[in-house]
Amino acid sequence: MLIRIEGSDLPGRRAGAEADLLRLRNVHVGMQRRAEVVDRIPADAQEAAWRCEATSREVDGLLDVGGPWVHGRPGARFLYLSWGAVTEGRFEMFRRAKLMFGDIPTGLLRAAHDGAGVLVGRLGLTDADGGPLCARVRPPRISWTVE
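Below is a summary of the structure that appears in this document. (Residues numbered from 1 in each chain as written. Predicted model: local features only at pLDDT ≥ 70, side-chain atom pairs only at ≥ 80, totals over all residues. Heavy atoms only, no water.)

1. Looking at the overall build of the protein
A tally of helices and strands in the protein yields two helices and eleven strands. In sequence order, the secondary structure elements of the protein are arranged as β-α-β-β-β-β-β-β-β-α-β-β-β. Across its three principal axes, the protein shows a C-alpha extent of roughly 50 × 30 × 20 Å. Within the protein, buried positions represent 45% of all 147 residues. A total of about 7700 Å² of accessible surface is found on the protein, and carbon and sulfur atoms cover 49% of it. Distance between charge centres in the protein, computed from 21 positive and 19 negative side chains, equals 3 Å. (Helix = DSSP H or I, 4+ residues; strand = E, 2+ residues; numbered from the N terminus. Buried < 20%, exposed > 50% of the residue type's maximum accessible area, 1.4 Å probe, protein only. Areas by Shrake-Rupley, 256 points an atom, 1.4 Å probe, with all protein chains shown as cover. Lys, Arg positive; Asp, Glu negative; His and termini not counted. Charge placed at Lys NZ, Arg CZ, Asp CG, Glu CD.)

Okay, here's the thing in structure tokens:
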């Protein structure tokens with residue numbers, strides 16, 4: 001199953017002290033693959049996008065998603081978008097957003113499993129306080145489609 005995550009409204013693009021601090025600390029957001037955060041994008045980028053591939057299989061009539069990008073136990077699988085400061089080539093994570101497969105409408109997840117297209121999640125990456133979006137991200141903060 002192919003997955004694309006598209007992020008907009010990155011917090012470093014805004015005016016104000018929070019955005020200034022994000023830029024000063026060289027904060028990036030990336031997708032977590034196992035323990036490593038890859039495809040990192042600066043917090044003041046115009047937009048962000050990630051692509052990954054997950055496996056999916058039927059287990060007792062339900063779809064179970066897996067692979068190196070997928071975290072969590074069966075029935076509670078998710079993708080991580082991780083925020084951190086980049087200093088001297090090191091990524092120091094301080095916040096993560098969870099994109100739960102259980103929040104994807106069943107028909108869309110099944111269509112992606114069946115090869116009908118790419119599963120696409122679209123979300124804004126700034127929280128209500130102007131900082132990096134974190135914690136569990138649920139609809140309507142994220143919208144899912146198959147394209």
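2. Let's talk about the sheet that holds strand 3 (residues 36-42)
Backbone hydrogen bonds hold the strands of a sheet together, and the pairing may be parallel or antiparallel. Here we have five strands laid out as an open sheet, ordered 3-2-7-8-10, and mixed in their pairing. Two strands close off the open sheet at either side, each with one partner strand: strand 3 and strand 10 (135-137). The sheet shows a mean angle of 35 degrees between the axes of neighbouring strands, direction not considered. Two elements, strand 2 (residues 27-33) and strand 7 (residues 78-87), share five bridges in a ladder whose sense is antiparallel. Opposite methionine 31, over in strand 7, you have leucine 81 as the bridge partner. (Pairing = 2+ DSSP bridges. Axes fitted to C-alpha atoms, helices over the stretch in contact; angles between N-to-C directions.)

3. Some thoughts on the sheet that holds strand 4 (residues 48-53)
Taking strand neighbours across the sheet as the criterion, the four strands line up as 4-1-9-11 in an open arrangement whose pairing is mixed. With partners counted over all chains shown, the strands left at the sheet margins are strand 4 and strand 11 (142-146), one partner each. Ignoring strand direction, the axes of neighbouring strands in this sheet form an average angle of 15 degrees. In the sheet, strand 1 (residues 2-8) pairs with strand 4 via six bridges, with the strands oriented antiparallel. When the bridges of strand 4 are listed, leucine 2 appears paired with glutamate 53. Most of the contacts of helix 2 (residues 106-113) go to strand 11, to which it runs at about 45 degrees, and overall it touches strand 9 (119-124) and strand 11. (Contact = heavy atoms within 4.5 Å.)

4. Notes on the nonpolar core
Core analysis: the biggest nonpolar cluster contains 35 residues, and Ile5 and Leu81 have the highest contact counts within it. What isoleucine 5 contacts, discounting residues up to four positions off in sequence, is Met31, Ala48, Ala49, Trp50, Leu79, Leu81, Leu99, Gly121, Leu123 and Trp144. (Core = buried A, V, L, I, M, F, W, Y, C linked by side-chain atoms within 4.5 Å.)

5. Description of the packing of aromatic side chains
Throughout the structure, instances matching the rule amount to one aromatic pair. Ring geometry for phenylalanine 78 and tyrosine 80: centres 4.7 Å apart, planes at 75 degrees, overall edge-to-face. Take phenylalanine 78: its relative accessible area is 7%, and that puts it in the buried class. Positioned above the aromatic ring of tyrosine 80, the side-chain terminus of arginine 96 is 3.8 Å from the ring centre. (Phe/Tyr/Trp six-rings, centres within 6.5 Å; stacked < 30°, edge-to-face > 60°. Lys NZ or Arg CZ within 6 Å of the ring centre and 35° of its normal.)

Nothing here speaks to function; it is all geometry.
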